[in-house]
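# Topology and contacts: notes
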Amino acid sequence: MIGLISATAAGAAARDRLAAAWPDRTRVYEGPVGDAVRAAFAECEQLVCFLATGAVVRLVAPLLGDKASDPGVVCVDEGGRFAVSLVGGHGGGANELAERVGELLGAEPVVTTATDAVGIPGLDTLGLPVEGDVAGVTRALLDGEPVALDAEVAWPLPPLPFAAEGTRTVRLTDRAVEPGDGEVLLRPPTLVIGVGASKGAPVDEVLGLVEDALRDAGLSPRSVAELATVDAKRDEPGIVEAAARLGVPVVTYSAEELAKVDVPNPSEAPLTAVGTPSVAEASALARGGELLVPKRKSARADGHASMATCAVVRRPGRGRLAVVGLGPGARDLLTPRATAELRRASVLVGLDQYVDQIRDLLRPGTRILESGLGAEEERARTAVAEARKGQAVALIGSGDAGVYAMASPALAEASDDIDVTGVPGVTAALAAGAILGAPLGHDHVSISLSDLHTPWEVIERRVRAAAEADIVVTFYNPRSRGRDWQLPKALAILAGHREPTTPVGVVRNASRPDESSRVTDLASLDPATVDMMTVVTVGNTATREIAGRMVTPRGYRWQEGTQ
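Here is a short report on the structure shown in this document.

### Regarding the overall build of the protein chain
When you go through the protein chain residue by residue, the secondary structure sums to 18 helices and 28 strands. For the protein chain, the spread of C-alpha atoms along the principal axes amounts to about 95 × 65 × 55 Å. When burial is assessed residue by residue, the protein chain has 47% of its 563 residues classed as buried. A sequence separation of at least 24 residues applies to 64% of the contacts in the protein chain between residues at least 6 apart. Carbon and sulfur atoms make up 51% of the accessible area of the protein chain, which totals about 26,200 Å².

Below, the structure is given as structure tokens:
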């Protein structure tokens, strides 16, 4: 919950805007400001104070305890110009909250945390348990001192400026080791504990077995990702409570799924009881990994039969591939989600000219793999290969990455061994359409006239179908030095089904500084004025030029009586 506190009418107005936007996340505290701040500090995870920063500092100073548990505090000035991350920038989430509040209120977020100021992710913000000399190693990263990464397991980290060797180290490990001098331990959730239990197995027996297995194998409980078992045991109290104490979820599989998993120690007992020859090993191995601790049984001091079994598997982090559309080129048409993915990626793959567009957005330490025109398939293979190494990868393309861009070759190359996410972008057709007016107001189609990958016979058949169906057509890749006849041919096909006065929009470098556009008609368009940086949109029989803009009505009934 986010507590909201204000003292004046101007502050209350901004406060109420925030409360209305986030009704389920916020609580307004009325009354004397000092009492309101104390109550909110005790009851909420975060605070937004619409007060002077000096006043907020004096009010919260006596309340501060530990940065790991104190709420994050954001201060917004009464003019609504700035949202200042004041306390708990990382641990309390105040930095991110300042960004969100700024977006909502139109205020400038002010973040002074050292790592955020220079674009380096804080070691305590990576979503992983962290131990050791966090302050010292972070300071070394900020000062440009060499800090080495010792990755004992693969995990997709965001970009950090690591060196091959250094006097300080960030160690990515699931081992039960203590941090050394000048060392930070990051604990990735790589361990899956498969658990089998008899009905009524005590939680202490289940938990004790798990803890003993981890200790004997030299593994850290902080790297446990989940307890896994068979569906029939999803509500077994001993398993559910053991998972709760470990702070991890219970994941279950059907007996049929587990019976298909090859395990070293099958048994008749679980086959008879739940329909699979293995529960502990099979559930731990159900999604792959390395078996570190084979099935073992709990030992009971009272001499009774064991009621629990467990096995431990290391499942390294899956690599992550984000296929990111950069839009038509203007920075303000690059989506916030695209920006976030660019800053999250430790490896960026893209066409050199597209890399240049967003190079300033990348975090220090991002590895850039760029290449020139004509290497689309190679870039796709490179991006997938990097993700398979456990990296967080961004593969960029212009417009929307799924439209004549990198998503298709990348997804054709990728299998289910990596995580893939797509980030949509503003396409060239949409950018051009907005400049021209509303040419895409009814059914429309995009057709690339490049026959480098598609035979001209196929392209011609598609153009002819669009012409016969009276669909608005946007031509991508319309004309180049080596391909100068395709556009005239396509226009001739459309002219066989549309009047010479049919509006045609021509937009070059949409949204970029040297943008140009014009509306002409089918009879007047000179193909020689078109190049590969141009998008050509041909209207249908209902499209009209109105006040210099192309308009295609949503329904033909609009035009009754206007012909």
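### Thoughts on the sheet that holds strand β14 (residues 290-297)
Reading across from one edge, β13-β12-β11-β15-β14 is the order of the five strands in this open sheet, with mixed pairing throughout. The strands lining the two open edges of the sheet, one partner per strand, are β13 (250-253) and β14. Adjacent strand axes in the sheet meet at a mean angle of 25 degrees when their direction is disregarded. Sheet analysis places strand β12 (residues 224-230) next to β13, joined by four bridges and oriented parallel. The partner of A228 across the bridge, within β13, is V251. Against the sheet, helix α7 (residues 203-217) touches β11 (191-197), β12, β14 and β15 (308-314), its axis set at about 40 degrees to β15. In the packing of helix α8 (residues 237-246) onto the sheet, contacts are made with β11, β12 and β13, and the angle to β12 comes to roughly 175 degrees.

### A closer look at the packing of aromatic side chains
All told, the structure shown has two aromatic pairs when counted by the stated rule. Ring centres of Y404 and Y476 lie 4.7 Å apart, and the angle between their planes is 50 degrees; on these two criteria the pair is classed as tilted. Here Y404, found in the loop between β19 (392-397) and α15 (407-413), pairs with Y476, found in strand β23 (residues 472-476); they are 72 residues apart in sequence, far enough to count as distant. Assessed through its relative accessible area of 44%, Y404 is described here as partly exposed. The class for Y476 is buried, based on a relative accessible area of 11%. Geometrically, the ring pair formed by W456 and W485 is edge-to-face, given 5.0 Å between the ring centres and 70 degrees between the ring planes. Of this pair, W456 sits in helix α17 (residues 456-469) while W485 sits in the loop between β23 and α18 (486-495), and the two are 29 residues apart along the sequence. Classification of W456 as buried rests on a relative accessible area of 10%. Relative accessible area serves as the criterion here: at 42%, W485 is assigned to the partly exposed category.

### As for the packing of α17 against α18
In the contact formed by α17 and α18, the axes pass within 9 Å of each other and the chain directions differ by 30 degrees. One way to sum up the angle between α17 and α18 is to call them roughly parallel. In the packing of α17 onto α18, the handedness of the crossing is right-handed. Packed against α17, whose contacting residues are W456, E460, V463, R464 and A467, the element α18 presents Q486, K489, A490, I493 and L494 at the interface.

### A word on helix α4 (residues 94-105)
Over its twelve residues, α4 extends 16 Å from the first C-alpha to the last, a length consistent with the 16 Å expected when each residue adds 1.5 Å. When α4 is considered as a whole, its buried residues turn out to be A94, N95, L97, A98, V101, G102 and L105. Taken down its axis, α4 places every buried residue within 160 degrees of arc, on the same side. Those residues of α4 that are exposed and angled more than 90 degrees off the buried face are E96 and E103. Positive backbone phi, at 75 degrees, marks G106, one or two positions downstream of α4.

### A closer look at the side chain of D174
Secondary-structure assignment places D174 in the loop between β9 (168-172) and β10 (183-186). With a relative accessible area of 1%, D174 lands in the buried category. Among the polar contacts made by the side chain of D174, one reaches the side chain of T190 at a distance of 2.6 Å. In this view, D174 contacts V153, R187, T190, L191, L219, S220, S223 and R314; residues no more than four positions away in its chain are not counted.

### Some points on the nonpolar core
I193, V195, L214, L227 and V312 are the most contacted members of the largest nonpolar core, which totals 24 residues. The set of elements that each furnish at least two residues to this core consists of β11, α7, β12, α8 and β15. With seven residues, α7 is the single largest residue contributor to this core. Grouped together as the second largest cluster of nonpolar side chains are 21 residues, W456, A466, F475 and L487 included.

The rules behind these values
Residues numbered from 1 in each chain as written. Predicted model: local features only at pLDDT ≥ 70, side-chain atom pairs only at ≥ 80, totals over all residues. Heavy atoms only, no water. Helix = DSSP H or I, 4+ residues; strand = E, 2+ residues; numbered from the N terminus. Buried < 20%, exposed > 50% of the residue type's maximum accessible area, 1.4 Å probe, protein only. Contact = heavy atoms within 4.5 Å. Areas by Shrake-Rupley, 256 points an atom, 1.4 Å probe, with all protein chains shown as cover. Pairing = 2+ DSSP bridges. Axes fitted to C-alpha atoms, helices over the stretch in contact; angles between N-to-C directions. Phe/Tyr/Trp six-rings, centres within 6.5 Å; stacked < 30°, edge-to-face > 60°. Parallel < 35°, antiparallel > 145°, perpendicular 65-115°, else oblique. Left-handed = near helix turned anticlockwise from the far one by under 90°. Expected span 1.5 Å × (residues − 1). Arc of directions from axis to C-beta. Polar contact = N/O pair within 3.5 Å; in protein donor to acceptor, adjacent residues only side chain to side chain. Core = buried A, V, L, I, M, F, W, Y, C linked by side-chain atoms within 4.5 Å.

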